[in-house]
Structure formats: C-alpha cells, structure tokens
Amino acid sequence: MQIKIENDASKSAAMVMVVGVHLNEALPKLLQEVFGNAASALDLASIAAAARGDGFKGKINQVFTFPTLGALPCKRILLYGLGAEAELKTVGYSGYRKIGANIAKRLAAVRRATATESNADKGASKGKSLATAGTTVGARSKALSACFYLRPRKGKATKAPVGAAIASNEQIVEAIVEAFIMASFSFEKYKSMKEAGKKARLENIAELSDINLYFVNCDKAAFEKAVNKAIAVGRAVNMSRELIAEPPAFMTPSRLAVEARRIAKDHDLSVKIFDEVQIAKLAMGSFLGVARGAKEPPRFIVLKYTAPKAKKTVAIVGKGVTFDSGGLSLKTAGGMEHMKYDMSGAAIVLGVMDVIGKLKPKVSVLCVVPATENMPGSAALHPGDVLIAMNGKTIEVNNTDAEGRLILADALTYACQQGADELIDIATLTGAVVSALGRAAAGIMGNNQDLIDNLKAAGLPSGEKYWQLPMFDEYKEALKSDVADLKNAGSRGEAGSSCAAMFLQEFVEEKPWAHMDIAGVAWTERERDELNKGGTAFGIRTLCSYLLSH
Ligand code: BES
Ligand code: ZN
Ligand code: ZN
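## Points about the overall build of the protein
Each helix and strand counted, the protein has 19 helices and 20 strands in total. A separation of at least 24 residues holds for 77% of the contacts in the protein among residues at least 6 apart in sequence. As displayed, the protein has an accessible area near 22,600 Å², and 53% of this comes from carbon and sulfur atoms.

## Topic: the sheet that holds strand 12 (residues 386-388)
A sheet is described by the order of its strands in space; here three strands give the open sequence 12-13-17, paired in mixed fashion. Every interior strand has two partners, whereas the edge strands, strand 12 and strand 17 (486-487), have only one. Alignment of strand 12 against strand 13 (residues 394-396), held across three bridges, turns out to be antiparallel. Paired with Leu387 across the two strands is Ile395, which belongs to strand 13.

## Structural notes on the packing of helix 8 (residues 220-245) against helix 19 (residues 540-548)
Closest axis-to-axis distance for the helix 8/helix 19 pair is 10 Å, and the angle between their directions is 140 degrees. On the basis of the axis angle, helix 8 is oblique to helix 19. Classified by chirality, the crossing of helix 19 by helix 8 is right-handed. Residues Lys229, Val233, Ala236, Val237 and Ser240 of helix 8 form the contact with helix 19, whose participating residues are Ile540, Arg541, Cys544, Ser545 and Leu548. A per-class count over the contact of helix 8 with helix 19 returns six nonpolar, two polar and two charged.

## Remarks on helix 2 (residues 44-53)
Within the span of helix 2, buried status applies to Leu44, Ile47, Ala48 and Ala51. With its buried residues spanning 95 degrees around the axis, helix 2 presents them on a single face. Helix 2 presents Ala45 and Gly53 as exposed residues on the side facing more than 90 degrees away from its buried surface. Residues of helix 2 that are buried sit in contact with helix 1 (27-35) and strand 3 (63-67).

## Some words on the coordination of the zinc ion (ligand 3)
Distances from the zinc ion (ligand 3) to its protein donors, Lys319 (NZ), Asp324 (OD), Asp342 (OD) and Glu403 (OE), fall at 2.0 to 2.4 Å. Around the zinc ion (ligand 3) sit six donor atoms; with metal-centred angles ranging over 77 to 174 degrees, the donor geometry is octahedral. On the primary sequence, the residues serving as donors to the zinc ion (ligand 3) are separated as K-x4-D-x17-D-x60-E. Between the zinc ion (ligand 3) and the zinc ion (ligand 2), the interatomic distance is 3.2 Å, and Asp324 donates to each metal, bridging them.

## Thoughts on helix 18 (residues 496-505)
With respect to burial, helix 18 is a largely interior element, eight of its ten residues being buried. Three or more residues of helix 18 are buried, namely Ser497, Ser498, Cys499, Ala500, Ala501, Met502, Phe503 and Leu504.

## Topic: the pattern of salt bridges
All chains considered together, the criterion is met by 23 salt bridges. In this structure, Glu174 and Lys229 form a salt bridge, with 2.8 Å as the shortest nitrogen-oxygen distance. Of this pair, Glu174 sits in helix 6 (residues 169-183) while Lys229 sits in helix 8, and the two are 55 residues apart along the sequence. There is no split in this pair, since Glu174 and Lys229 are both buried. Note that Glu506 and Lys393 form a salt bridge whose closest N and O atoms lie 2.8 Å from each other. Here Lys393 lies in the loop between strand 12 and strand 13 and Glu506 lies in the loop between helix 18 and strand 18 (513-517), a separation of 113 residues in the sequence. Here Glu506 falls in the partly exposed class, since its relative accessible area comes to 23%. Among the residues examined, Lys393 registers a relative accessible area of 26% and is labelled partly exposed.

## Describing the coordination of the zinc ion (ligand 2)
Geometry reference: four tetrahedral donors at a metal, ideal angle 109.5 degrees. Six octahedral donors, ideal angles 90 or 180 degrees. Protein-derived ligands of the zinc ion (ligand 2) are Asp324 (OD), Asp401 (O), Asp401 (OD) and Glu403 (OE), with the metal-ligand distances lying across 2.0 to 2.2 Å. Coordination geometry of the zinc ion (ligand 2): the six donor atoms subtend angles of 71 to 169 degrees at the metal centre, consistent with an arrangement described as irregular. We note that the donor set of the zinc ion (ligand 2) lies within a single chain, spaced as D-x76-D-x1-E.

## Considerations on the environment of Glu527
Looking at where Glu527 falls in the secondary structure, it is placed in the loop between strand 19 (523-524) and strand 20 (534-535). Residue classification places Glu527 among the partly exposed residues on the basis of a relative accessible area of 47%. Note: C-alpha distance between Glu527 and Ala183 (344 residues apart in sequence) is 9.8 Å. Contacts of Glu527, omitting those with residues within four sequence positions, involve Lys105, Asn532 and Lys533. Polar contacts involving the side chain of Glu527 include one to the side chain of Lys105, which spans 3.1 Å.

## What about the pairing of strand 10 (residues 320-324)?
Along strand 10, five of the five residues are buried, which leaves the element largely enclosed by surrounding structure. Where strand 10 lies against strand 11 (residues 364-374), four bridges are found, and the strand directions are parallel. From the neighbouring strand, Gly320 faces strand 11, where its bridge partner is Ala371.

## Comments concerning the site of ligand 1
Looking at ligand 1, there are 17 residues lining it, with Lys331, Asp342, Asp401, Glu403 and Gly431 nearest. Within the side chain of Lys319, a nitrogen or oxygen atom sits 3.2 Å from an oxygen atom of ligand 1. In the model, a nitrogen atom of ligand 1 is placed 2.9 Å from a nitrogen or oxygen of the Asp342 side chain. Considered on its own, ligand 1 offers 520 Å² of accessible surface; in the complex 84% of this is hidden by protein. Grouping the amino acids of the shell around ligand 1 by side-chain chemistry returns five nonpolar, four polar and eight charged.

What counts, and at which threshold
Residues numbered from 1 in each chain as written. Chains lettered and ligands numbered in written order. Predicted model: local features only at pLDDT ≥ 70, side-chain atom pairs only at ≥ 80, totals over all residues. Heavy atoms only, no water. Helix = DSSP H or I, 4+ residues; strand = E, 2+ residues; numbered from the N terminus. Contact = heavy atoms within 4.5 Å. Areas by Shrake-Rupley, 256 points an atom, 1.4 Å probe, with all protein chains shown as cover. Pairing = 2+ DSSP bridges. Axes fitted to C-alpha atoms, helices over the stretch in contact; angles between N-to-C directions. Parallel < 35°, antiparallel > 145°, perpendicular 65-115°, else oblique. Left-handed = near helix turned anticlockwise from the far one by under 90°. Nonpolar A, V, L, I, M, F, W, Y, C, P; charged D, E, K, R; others polar. Buried < 20%, exposed > 50% of the residue type's maximum accessible area, 1.4 Å probe, protein only. Arc of directions from axis to C-beta. Donors = N, O, S within 2.8 Å, 3.2 Å for Na, K, Ca; no water. Tetrahedral: all angles 85-135°; square planar, octahedral: opposite > 155°, others 65-115°. Salt bridge = Lys/Arg side-chain N within 4 Å of Asp/Glu carboxyl O. Polar contact = N/O pair within 3.5 Å; in protein donor to acceptor, adjacent residues only side chain to side chain. Near = heavy atom within 4 Å.

Geometry only, nothing functional implied.
Structure (structure tokens):
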C-alpha cells in the first residue's frame, strides 16, 4: 500500500474520493472547502438534493456516492457520515479508529466490486487460465486509488493529553490512518487457487495499493509526521499479525529468527541469533529445558537499537513459543487449537523493533525473544525435573505447560546482564488472565508503579486496555518447592496470573519491570473495527507509544 499526503484534492484523479461529512453539515459549503474553486463545476444544489432525497444526513457510517461526470478529475465522490462532530470529539480516539476502519472496508468493497467486474469479462469469459485472470485483476485494481478528506479543525491544534477524549488534529489523523491500515489486513496465502477466479485472488487484492490522503488547510509537516507514525505502526501491526497467522510448522523458532534478521537488516539494527549450543554456553537451563521436548531447535533472538546519546536502555522481552502443546502436561484438543499464537509476544516485540528502527526514538531498545516449541517429545521435561536457570536459581517443574515463565526467566536474566535499565515483558502467559479479564483487557503487573501507569496511559489512544493485578506476598507461598528454590506452577485456580508474575519477578534483579499478560487479547474470534479474526498483535501500539514518548 502506497500512501501519499496531498493538499489539493481538486487535482486527484482517484476512482473514489471519500469525503467525511459531519451530521447535518451543509454539503455545498463542505464540497467547496474540499475542492476549492473546482467545486463550482459540480452541480452542488442537485447533489445536496439527491443526498437528502436518499436520506443521507452524515450519520455515523452512512454513505452517499455520486459520479463527478467529468466535472472533477476524480471519478466518484463517496460522502461518508462521521456523525455529530461534538459527539465524535467526546468519544475521542475509538470513534476515529472506527471511522478509519470502516472507510478501509468500504474501499476494499469498492475494489472487490471493480475486480469482480473485470474478472468476469477478462478472465472467465475468455477462458484464460486463472493465474492470468488474477494478474489482470491485480493490474487493473492498482488504478483504484482512494483519497479522503478530513475536515480540519479551525485554529491551532491543542495537544490533548494522552487518554483525554478530545484529540488534536494530528492525533485524529493518526488514529484514522492507523485503523485504516490495520483494517486493510488480510491473510489469504493458504487459500487454494481453485477458487482463484472468484474469491482468493480477490481477497488478496483487498488491500488497497495506492492511497492518497488529502488534508486541506492543514499544516503539512505536522500531518506528515503523524501520518508517518501511523503508517509505520499500522504496517508493523499487520506484519506481526502475519507472523502469528502462519501455521506453526512454518513459523518455527528458526523462521522467527529469519524474520528478526530481516527486520534488523531493514533498519540497521544489531542482531544476534543464538542456536542451542550457544544457548547452552549461556547456561540458560530454564529455557533449554522447555526446548528439550521438541525436534525443532530453539533460537534465542536479540535485536538492539542504539539511540545516540540515549539516557537509558529499555528491554522488551516477548514470549516466543511457536506452538504450545503443553508438553507432557498435555493440553486438551480444544486448549491446543490456536496455540500457534503463543508466540504473539515475540511477534509483537519484533513489530515494535520495526517501528523503532524506522522512527528512531531517543531511548535505546533491547529486544529479546526466547523462541521454542513446547512439545512432548521423548526428551521432554518430566514433571518433577529440576532446572538451573541462567541466574543460578533452581526450578522444580511441576507443570510443563507453565513453560512461558521458564523461557522468560532466562530472557529477563539475559536482558539484565546486557545492561538494560528497565524491563517490559509481553506474553500469552496464563489462562487465568482470560478468566479474570476476558477479552477486554490485558493483565499488567510489575514492581514499579510509574512504569505500569505509563504503559497503561500509552495504551489509551489505541484502545489497548490494561488492568493491574496484584502481586501480594502471599502468592509467593504457592511457588515454594520442597526440592528446589521455587517451582514453576502454583495451585490450579488460585490467582494464576499473579503467581506467574511472582515467578518472573525472581529474574529481574530488582530493576524496574512490567509484565503484560496478553493471553486473553492476543487472539480474537470476532471481527471488530480495525481488528479482524485471528492474531491481534495487541501491545505493539502501546509499546511504540511508550518508547516513542522518550
Ligand atoms: N500459553 C498458555 C497460556 C494461554 C492459555 C494462552 C490460553 C492463551 C490462551 C500457557 O503456557 C499455559 O499453558 N499456562 C498454564 C499455566 C498453568 C499450568 C500454571 C495455564 O494457564 O493453564
Ligand atoms: Zn503452556
Ligand atoms: Zn504457553
């Protein structure tokens, strides 16, 4: 998807020009604002009458389309209802994200319709091979560029504090563009080619390839900055969702390492990939214990962005279990079904590095991913085994399905040893967090209230919500082992998410640390706004906002 930011909407030769219309806004005046003098070639009175006749009032998500019939270079204008301006400002970010997502879906539908027409005459009727038909569709659909105009707010934009309902113009645009890109995501590569002429090929081109954004009367530099951030973040989210969507037999630890190298190369980040021999040399007994049960070899992935004159280094650690069968403490079939997404934490921190590499904040970022499968192979951990973690602590493994904390333990120790000043880990860690918070929010815990509060605030614009769970001393009791320093799982049904965090705390050397448990929000079975079914990459937007705020 190519995105350009332009000032003069009257010159656009787009197939569709989307114009946002607030509730009961006078159309002739609005169109004059958008297209300037060129609007006089349109029959404004008739357009307004036709829209009115059609019941179009600018209610949220309402649309009215009309052809320009040569009066303007763009072919069609799609009036898109934004709802009442005051209401939108009160709702704030989520309202604008909804708009961005809905516009993307409308345009994808327009594109699909165009593609279907050309497919019908070019492909099927002339009996061409499906592949040729697909190419034709692809080539033609590229010509469908979309532009949209957001009515600028008058006067100097006041920078709203993060989380406040009303956003500045830049923040509005950021929310719209980010949601627009996210809503354009689709993962269709494994759809069979049999249906190519109808579905798969068409779905594949649903992502718009050429978008022009028109912001009339706006400070182009400020908008460009906001849009560039939104593009970087939106694309990184989609890239992470792709990594999560890949089948586990493909997205192995080694494959994750390949993706990490690609991201590092793109942005000139330093990269280290440790194989099992090097991991053993680093004495990561806890991580290696989990890897033992799998035929696929583990990888320990480290990326580093070094900011010039950085005052601190933040480590972001992502759980990279590319498939969690539970190990010998085997999951049920239902519990295992989507466990390819147990590497969401890894996909997320890699996505964050893609953004960091592009936008280069003032803080250094160390990205650490312990990547392994959790399988019940013949060499697998037995419940009862004792592991020696990198920091020397001994762990009795009483449940091999509590593998996430075992691999994160050594990753956190590694980050400390590398001189990280602050640690943030993100992981699909416990089923218990799903019981506690459902799909609405991630659990957040840690040893530093400021860090937790800052992360929660950083999630507000994107609607990534966190709810803090306690870390009471009492939970430590549950991790006491008779044979080792601690055991990896507490009692079933008793504050599982908090116990997991208590375990992780043993490996952070009292550095400021926050832990995000995204087990409930990393995957969705329901399409909503900018997220469709599948991996959500929940957390990327929070972490990017947090790191970029430095
Ligand atoms: N990957 C799972 C957690 C999970 C559950 C993620 C559901 C997404 C949806 C994790 O490795 C796990 O199995 N945790 C156990 C821990 C328990 C044995 C202490 C759990 O939550 O049941
Ligand atoms: Zn598990
Ligand atoms: Zn797991």
